[in-house]
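# Architecture and fold: a report
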Amino acid sequence: MPQGGAGASGAGFEVPAGWAGAFAEVPRAAFLPPVIWSHDQERETFARLDARVDPAGWRAAAEGDVPVVTQWDDGAHAGEAPGREATSSASKPSLVAAMLAALDVAPGMRVLEIGTGTGWNAALLAHRLGADLVTTVEIDPAVAEAAERSLARAGPCPRVLVGDGAAGAPEHGPFDRLIVTCGVRRIPPAWLRQLAPGGHALIPWGTPFTLHRDALLRLTARPDGTAEGRFLQLVSFMRLRAQRDGSPPRAAELPFHDIRSDAWPPHGWHPFPFLAGLRLRDASYAVQRHDDGHTQWLYDLAGGGWTAGVRRSGVGPGVWVRQAGPRPLWDEFLDAYRWWRAAGEPGVDRLGMTVAADGRASVWLDEPGRTVWAQPAG
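One structure accompanies this document, and this report is about it.

Definitions and limits used
- Residues numbered from 1 in each chain as written.
- Predicted model: local features only at pLDDT ≥ 70, side-chain atom pairs only at ≥ 80, totals over all residues.
- Heavy atoms only, no water.
- Helix = DSSP H or I, 4+ residues; strand = E, 2+ residues; numbered from the N terminus.
- Rg over C-alpha atoms; globule rule 2.2 N^0.38 Å.
- Buried < 20%, exposed > 50% of the residue type's maximum accessible area, 1.4 Å probe, protein only.
- Contact = heavy atoms within 4.5 Å.
- Areas by Shrake-Rupley, 256 points an atom, 1.4 Å probe, with all protein chains shown as cover.
- Lys, Arg positive; Asp, Glu negative; His and termini not counted.
- Charge placed at Lys NZ, Arg CZ, Asp CG, Glu CD.
- Pairing = 2+ DSSP bridges.
- Axes fitted to C-alpha atoms, helices over the stretch in contact; angles between N-to-C directions.
- 1 Å grid on protein atoms, 1.4 Å probe; cavity = no way out; pocket = protein on both sides within 12 Å on 5 of 7 lines; lining within 4 Å.
- Points joined across faces, edges and corners; volume = space filled by probe spheres on them.

To continue, consider the overall build of the chain. Secondary structure summary: the chain contains eight helices and 19 strands in total. The C-alpha radius of gyration of the chain comes to 21 Å, within 12% of the 21 Å expected for a compact globule of 378 residues. Within the chain, buried positions represent 51% of all 378 residues. Contacts in the chain between residues at least 24 apart in sequence constitute 58% of all its contacts with a sequence separation of at least 6. Surface exposure of the chain reaches about 16,600 Å², of which carbon and sulfur atoms provide 52%. The distance from the centre of the 37 positive side-chain charges to the centre of the 42 negative ones in the chain is 2 Å.

As structure tokens, this is what we get:
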């Protein structure tokens, strides 16, 4: 994603052109609570840091280029260990900078943010554009209250609304820009209605296949109420609460069989699982790490079975696969892998989306019309 060619920040990332003053005067640390969990995205681990106990460690994470979790389990979490599900966070500064660069704001533009979180992103926008031009929506009242306190300390406070972000903020539109800081499965039609023709929207979008692996979509609104644009890069965001993924069903008694497979599709922070989700309907995917290898899990969301493909280090090139239930998920996964290879192993930047006025979407490869995924009716 283009960064605009400006100087590097203290955290080692490029600050986009026009944003240097905002990043210098609005530090992320000022928006973080005393207790945070620093996220190691490669190892999928979380380290608890308390500013009152370890101020140096807390400061290093707060000022570093790492994402930090600020809330677990919608605020019901207690204790020092991580909760079950991260439900509010502060993105790593390099991603925030990249998204602001892609948002491409200009003086006088009105911006709507969905997902206030800590308030840091809204503060950066308010510093650049003026607080009166920025509206941010947060569904969690406690999170919104904490963000509003931090925003008020930082300077003129943008408009903070408490409510379901899927509804947007119709009474304060239309907006020239929309930036979404949570993942979605379906584009809410209200967002398109509130976006001025020619306006841009940045939205992390994905299928149910990958839980926290979406791709950042940049849409441009058309006068007829539709929108179209391309995907920019892989991202990881918490889901819009109204669109959270449920846990895949795990039937206790399913017949299974073991097979040997020679193919091991790419996993982890790689574009293939995202693209595979465009081919495997009603399925979800997870990776389990071991000291000596990985397991790629596939689940049928309708309860039609599960598959585990296991690859151990130093045990040869093959993969042992256990398939349970009637749905041949590993075969479908390999079909998606062959399709991806035949298409030239595309990254997400070769994909685009067209969205109808009612929110129905289709994803295409390279150009509109080469549809590889279409949203089902209903």
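Before going further, it helps to spend a moment on the sheet that holds strand S17 (residues 351-355). The sheet built from ten strands is open, its strands ordered S7-S6-S5-S8-S9-S10-S11-S17-S18-S19 with mixed pairing. Since the sheet does not close on itself, it has two edges, and those belong to strand S7 (159-162) and strand S19 (371-374), each with one partner. Averaged over all adjacent pairs, the angle separating strand axes in this sheet is 20°, with direction ignored. The strands touched by helix H3 (residues 93-103) are strand S5 (111-114), strand S8 (175-180), strand S9 (195-205), strand S10 (214-221) and strand S11 (227-235); relative to S8, the strand with the most contacts, the crossing angle is about 155°.

Our focus in this paragraph is the layout of surface pockets. What the largest pocket holds in volume is close to 1,800 Å³. For the largest pocket, the lining is made up of 50 residues, of which Glu-44, Leu-211, His-212, Arg-213 and Ser-236 are closest to its centre. Mapped onto the lining of the largest pocket, the elements with two or more residues apiece are strand S3 (68-72), strand S4 (86-90), H3, S11, strand S13 (283-290) and strand S14 (293-300). No other element matches the six residues that S13 contributes to the lining of the largest pocket. Put simply, the second largest pocket is a space of about 420 Å³.

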